[in-house]
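# Topology and contacts: notes
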Amino acid sequence: MCENVYDMIIVGSGPAGLTAGIYGKRAGLKVVILESGFIQGGQIVNTYEVDNYPGMPGISGLELAEKLKEHVTGFGVEIARGKVKGISLDGEWKIVHTKKADYRGKAVILAAGAVHRKLEVPGEEELAGMGVSYCAACDGAFFKDKTVAVVGGGDVAVEDAIFLARGCKQVYLIHRRDQLRAAQVLQDALKDFHNITCIWDTTVEKIGGEQQVQWITLKQTKTAEKYQLDVDGVFIAVGTVPDTGFVKELVDLDEHGYIKAGEDGRTGVSGIYAAGDIRTKELRQIITAAADGANCVNSAQQDLYKR
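Residues numbered from 1 in each chain as written. Predicted model: local features only at pLDDT ≥ 70, side-chain atom pairs only at ≥ 80, totals over all residues. Heavy atoms only, no water.

Here the focus is the sheet that holds strand β13 (residues 215–220). Across a sheet, paired strands are connected by hydrogen bonds in the backbone, their directions being either parallel or antiparallel. Reading across the sheet, the 3 strands line up as β12-β13-β14 and stay open at both edges, with antiparallel pairing between neighbours. Two strands close off the open sheet at either side, each with one partner strand: β12 (202–208) and β14 (226–230). Between one strand axis and the next, the sheet turns by 30 degrees as a mean value, whatever way the strands run. Pairing geometry for β12 and β13, over 6 bridges, is antiparallel. What sits directly across from Val 204, in β13, is Leu 218. (Pairing = 2+ DSSP bridges. Helix = DSSP H or I, 4+ residues; strand = E, 2+ residues; numbered from the N terminus. Axes fitted to C-alpha atoms, helices over the stretch in contact; angles between N-to-C directions.)

Structure (structure tokens):
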């Protein structure tokens, strides 16, 4: 018999999961948040500066994560460490399986977020941690006064380029299209940095070096021309992939691997909800993740009271 019995089990401790924890506790539910890592906050802990969360302009991602965690723990929400391997159904109960223990709950909110998308090019895996990085805020300090490349054209890529330009000698922003997808305010900010060079219509074909990144092979998409660019590091910011592998046989996913769920968070399985970057939605931001967490708890309350 499983000893870890709860009204609500939340998988993931990003903004969606932490918000769900707050709302669940306020609703008088017995709640546990399961987190596979050592730090709560999800992807925002890797963000140098958050300038679009209302009321907290300029706050760092790590600071915002700490505030969210303090709010949650201040309410007495339990946070347990455990990588979820799968979820099984036992009547109205859901059993969440981790490596160390099983957790039984009446409602489960899936808020595991997403992981960094890879380029899938030669040298990426071999030089990971040796000049290949997916987090400028985490690793940027190692490249002070050096030359680096940032791959991508969205908000994260531009934010990373700006962050790195404050300490690096030269930053190349490499994008496969001829214009960025990032917010205009970020594109305008690029103009303030003379050491950021945009390389348009270009993809990375290979990352190379002896025990450390030393160069990348680039391909011009319009002419197919290939050439080598010397860099000391490569920061990859080409999007994310939803962390849904552990429930792919349980809930319906779209063609990109996101859980099919609406604004109320309900999936096709009774008592299981999806919140944050893990679900199908148009806008994936901190504020929409937090809203998802609140909506999922509201839906769970309604469903629990019907039983």
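This part covers the pattern of salt bridges. Within this structure, the stated rule accounts for 11 salt bridges. Ionic pairing is found between Lys 118 and Glu 125, a salt bridge with its closest N-O pair at 2.6 Å. Glu 205 is paired through a salt bridge with Lys 226; the nearest N and O atoms lie 4.0 Å apart. Here the residue Glu 205 occupies a position in strand β12, and Lys 226 occupies one in strand β14, the gap between them amounting to 21 residues. Linked through salt bridges whose partners overlap, the residues forming this network are Glu 263, Arg 279, Lys 281 and Asp 292. (Salt bridge = Lys/Arg side-chain N within 4 Å of Asp/Glu carboxyl O.)

With that out of the way, let us pick up the state of the cysteines. What makes a disulfide is a covalent bond joining the sulfur atoms belonging to two cysteines. Within the structure shown, the criterion is met by 1 disulfide. The disulfide partner of Cys 135 is Cys 138, and the S-S distance across this bridge is 2.1 Å. Handedness here is read from the sign of the S-S torsion; for Cys 135 and Cys 138, about 70 degrees, the answer is right-handed. (Disulfide = S-S within 2.5 Å.)

The subject of this paragraph is the side chain of Lys 281. The residue Lys 281 is located in the loop between β17 (272–274) and α6 (286–306) in this model. For Lys 281, the side chain forms a polar contact with the side chain of Thr 288, separated by 3.3 Å. (Polar contact = N/O pair within 3.5 Å; in protein donor to acceptor, adjacent residues only side chain to side chain.)

The subject of this paragraph is helix α4 (residues 155–165). The α-helix advances 3.6 residues per turn, and as a result positions three or four apart in sequence lie on the same side. Summarising burial for α4: 8 of the 11 residues are buried, a large majority. Taken residue by residue, α4 has Ala 157, Val 158, Asp 160, Ala 161, Ile 162, Phe 163, Leu 164 and Ala 165 as its buried positions. The inward-facing, buried residues of α4 contact α3 (136–139), β9 (147–151), β10 (170–174), α5 (184–190), β11 (196–199) and β15 (233–236). (Buried < 20%, exposed > 50% of the residue type's maximum accessible area, 1.4 Å probe, protein only. Contact = heavy atoms within 4.5 Å.)

Before going further, it helps to spend a moment on the packing of aromatic side chains. On inspection of all chains with the given rule, the structure shows 2 aromatic pairs. Ring geometry for Tyr 6 versus Tyr 103: centroids 6.3 Å apart, planes at 35 degrees, classification tilted. With Tyr 6 in strand β1 (residues 4–11) and Tyr 103 in strand β6 (residues 102–110), this pair connects stretches of sequence that are 97 residues apart. Comparing Tyr 6 with Tyr 103, the two get one shared label, buried. Seen from their ring centres, Phe 143 and Phe 235 are 5.3 Å apart, and the 75 degrees between their planes marks the pair as edge-to-face. (Phe/Tyr/Trp six-rings, centres within 6.5 Å; stacked < 30°, edge-to-face > 60°.)

Residue placement: Gly 271 occurs in the loop between β16 (240–242) and β17. On a C-alpha basis, the gap between Gly 271 and Ser 299 in space is 9.1 Å, while along the polypeptide they are 28 residues apart.

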